[in-house]
Amino acid sequence: MSVSQSRLPLLATALGVGLATLSTGAQAATEWDMPTPYGDRTFHTVNIREFTEDVREATEGELDITVHSNGSLIGHAEIKNSVRRGIVPMGEVIMSRLANENAIFEVDSVPYLAYSYADAWTLWEASREIIAEELEKQGLRLLFAVPWPPQGIYTNQAIDTGDDLKNLSMRAYNTASERIAQLVGAVPTQVEVPDIPTAFSTGRVEAMITSPATGADTKAWDYLDHFNHAQLWLPKNMIIVSDKAFSRLSDDTRQALLEAAAEAETRGWEMSRQETDDAIAVLEDNGITVTEPSEALATKLQEVGDTMTEEWVERAGEQGQAILDAYSSARD
């Protein structure tokens with residue numbers, strides 16, 4: 001037997017060990033980073049952390065997702081593109097922020113199109129497939145979406161009519177809030193959630209349309225004293241994942257991720273309902289005057305809603321009309 005032949009058993013053994021090592025490495029945990037724009041106290045973040053824990057448990061640690069809250073990893077404006085470009089595998093973004101790409105993404109931010117949780121869910125069911133298909137064109141997969149509590153108007157003084165909003169600098173976070181500010185004669189000003197207290201204290205903004213939850217989370221009583229529970233719309237946050245990152249997971253892991261997402265969506269909607277009541281109570285307990293729209297204000301806001309609905313359908317084209325038709329049919 002030659003020296004070379006004598007080494008064959010050793011080589012085979014070494015290859016076996018190497019292949020076993022590679023196999024073990026392939027089963028090692030996949031670690032994902034997930035940026036979100038919102039703080040740890042926000043119910044969306046609480047729900048997402050429960051979601052990631054469910055994924056971790058269901059996959060026995062094979063998929064480990066680390067949540068980076070409060071814009072600490074990536075700013076809100078860059079999260080969607082960061083997922084698309086593969087910088088991070090998944091992230092959270094408010095759906096209406098993508099309205100400049102396609103008007104269908106702001107369907108949940110048209111005033112008074114859907115302002116109850118029942119109607120908001122019906123609208124989501126009517127629009128989910130079209131929105132998911134639009135995201136798929138960009139290599140993104142929709143996992144789930146959860147609404148904020150109904151949007152109201154925060155100010156430093158009582159608002160009785162639409163005229164009371166004229167010339168106020170109003171915080172805007174999407175095209176819908178920018179447009180409603182324009183239609184009531186206010187001045188839209190872009191401000192992200194973490195910057196709201198400073199924006200009010202420095203006079204950069206004098207009013208904002210957002211949820212009771214955001215007001216409670218940012219301690220609105222430190223910088224304003226009125227909240228009008230106008231219930232204009234229920235905007236949703238979407239959890240999206242890169243289709244490439246998703247496809248690299250094992251079949252079992254993908255299934256576990258989808259099942260956890262479905263549970264997170266159901267839980268998130270329930271949390272949002274409860275958050276509405278809890279947040280309003282927190283606002284009142286801390287001295288915020290909470291009111292309902294007067295007849296004059298409600299009339300003005302409904303006029304704004306009618307105008308914005310017409311504008312939205314025109315911008316959204318056939319996709320928007322399909323959503324509106326499905327929504328109307330489901331409500332009949």
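Note that the structure is a prediction, hence the values are computed from the model and not measured.

## Things to note about the overall build of the protein chain
Then comes step 1: Per the secondary structure count, the protein chain includes 10 helices and 11 strands.
Then comes step 2: Scored against the burial criterion, the 332 residues of the protein chain give a buried share of 50%.
Then comes step 3: For the protein chain, the accessible surface area stands at approximately 15,100 Å², while carbon and sulfur atoms represent 47% of it.
Then comes step 4: Taking the average place of the 25 positive charges on the side chains of the protein chain and the average place of its 53 negative ones, the gap between the two points comes to 8 Å.

## Section: unusual backbone geometry
Then comes step 1: With a phi close to 60°, Asn70 is a non-glycine residue in the positive phi region.
Then comes step 2: Inspection of the secondary structure puts Asn70 in the loop between strand E2 (63-68) and helix H3 (76-84).
Then comes step 3: Judged by its relative accessible area of 44%, Asn70 is partly exposed.
Then comes step 4: In the Ramachandran plot, Tyr112 falls in the positive-phi region, its phi being about 65° despite a non-glycine side chain.
Then comes step 5: The exposure class assigned to Tyr112 is buried, which follows from its relative accessible area of 15%.

## Some words on the packing of aromatic side chains
Then comes step 1: Overall, the coordinates contain 7 aromatic pairs when judged by the stated rule.
Then comes step 2: Ring geometry for Phe51 versus Phe144: centroids 5.3 Å apart, planes at 70°, classification edge-to-face. Here Phe51 is found in helix H2 (residues 43-58), whereas its partner Phe144 is found in strand E4 (residues 140-147), with 93 residues between them in sequence. Each member of the pair, Phe51 as well as Phe144, is classed as buried.
Then comes step 3: Aromatic pair Tyr112 and Tyr115: ring centres 5.4 Å apart, planes at 85°, arrangement edge-to-face.
Then comes step 4: Judged by relative accessible area, Tyr115 falls into the partly exposed class, the value being 42%.
Then comes step 5: Put simply, the rings of Tyr38, Phe43 and Trp148 pair up and form one aromatic cluster.

## Topic: the pairing of strand E1 (residues 30-35)
As a general feature of sheets, a regular strand has side chains that alternate between the two faces.
Then comes step 1: Sheet analysis places E1 next to E2, joined by 6 bridges and oriented parallel. Among the inter-strand pairings, Pro35 is bridged to a residue of E2, identified as His68.
Then comes step 2: Read as a crossover between parallel neighbours, the route from E1 over H2 to E2 is right-handed.

## A word on the nonpolar core
Then comes step 1: Judged by nonpolar contacts, the single largest core of 98 residues is most densely connected at Phe51, Met238 and Leu257.
Then comes step 2: Top element by residues in this core is helix H10 (residues 295-331). It accounts for 10 residues.

## Here's the deal with empty space enclosed by the protein
Empty space among the atoms becomes visible once a probe the size of a water molecule is rolled across them.
Then comes step 1: Scanning the model with the defined rule gives 5 cavities of 30 Å³ or more in all.
Then comes step 2: Roughly 120 Å³ of volume is contained in the largest cavity.
Then comes step 3: As for the largest cavity, its lining consists of Tyr38, His76, Ile94, Arg97, Trp148, Gln151, Arg171, Tyr173, Glu192, Val193, Thr210 and Thr214.
Then comes step 4: Looking at side-chain class alone, the lining of the largest cavity contains 5 nonpolar, 4 polar and 3 charged residues.

## Structural notes on the confidence of the model for the protein chain
Then comes step 1: Taken residue by residue, the protein chain gives an average pLDDT of 91. The fraction at 70 or more is 92%.
Then comes step 2: Per-residue pLDDT stays below 50 along residues 1-26; that stretch engages in 1 contact with residues further than four places along the chain or on separate chains.

## Points about the sheet that holds strand E8 (residues 207-210)
Then comes step 1: Strand order in this open sheet of 6 strands is E7-E6-E8-E5-E9-E11, and the pairing throughout is mixed. Each edge of the open sheet carries a strand with a single partner, namely strand E7 (187-190) and strand E11 (289-291). Direction aside, the axes of adjacent strands within the sheet are offset by 25° on average.
Then comes step 2: Across the face of the sheet, helix H5 (residues 175-183) comes into contact with strand E6 (169-172), E7 and E8 while running at roughly 155° to E7.

Rules of the game
- Residues numbered from 1 in each chain as written.
- Predicted model: local features only at pLDDT ≥ 70, side-chain atom pairs only at ≥ 80, totals over all residues.
- Heavy atoms only, no water.
- Helix = DSSP H or I, 4+ residues; strand = E, 2+ residues; numbered from the N terminus.
- Buried < 20%, exposed > 50% of the residue type's maximum accessible area, 1.4 Å probe, protein only.
- Areas by Shrake-Rupley, 256 points an atom, 1.4 Å probe, with all protein chains shown as cover.
- Lys, Arg positive; Asp, Glu negative; His and termini not counted.
- Charge placed at Lys NZ, Arg CZ, Asp CG, Glu CD.
- Phe/Tyr/Trp six-rings, centres within 6.5 Å; stacked < 30°, edge-to-face > 60°.
- Pairing = 2+ DSSP bridges.
- Right-handed = clockwise from strand over helix to strand, strands pointing away.
- Core = buried A, V, L, I, M, F, W, Y, C linked by side-chain atoms within 4.5 Å.
- 1 Å grid on protein atoms, 1.4 Å probe; cavity = no way out; pocket = protein on both sides within 12 Å on 5 of 7 lines; lining within 4 Å.
- Points joined across faces, edges and corners; volume = space filled by probe spheres on them.
- Nonpolar A, V, L, I, M, F, W, Y, C, P; charged D, E, K, R; others polar.
- pLDDT = per-residue confidence, 0-100.
- Contact = heavy atoms within 4.5 Å.
- Axes fitted to C-alpha atoms, helices over the stretch in contact; angles between N-to-C directions.

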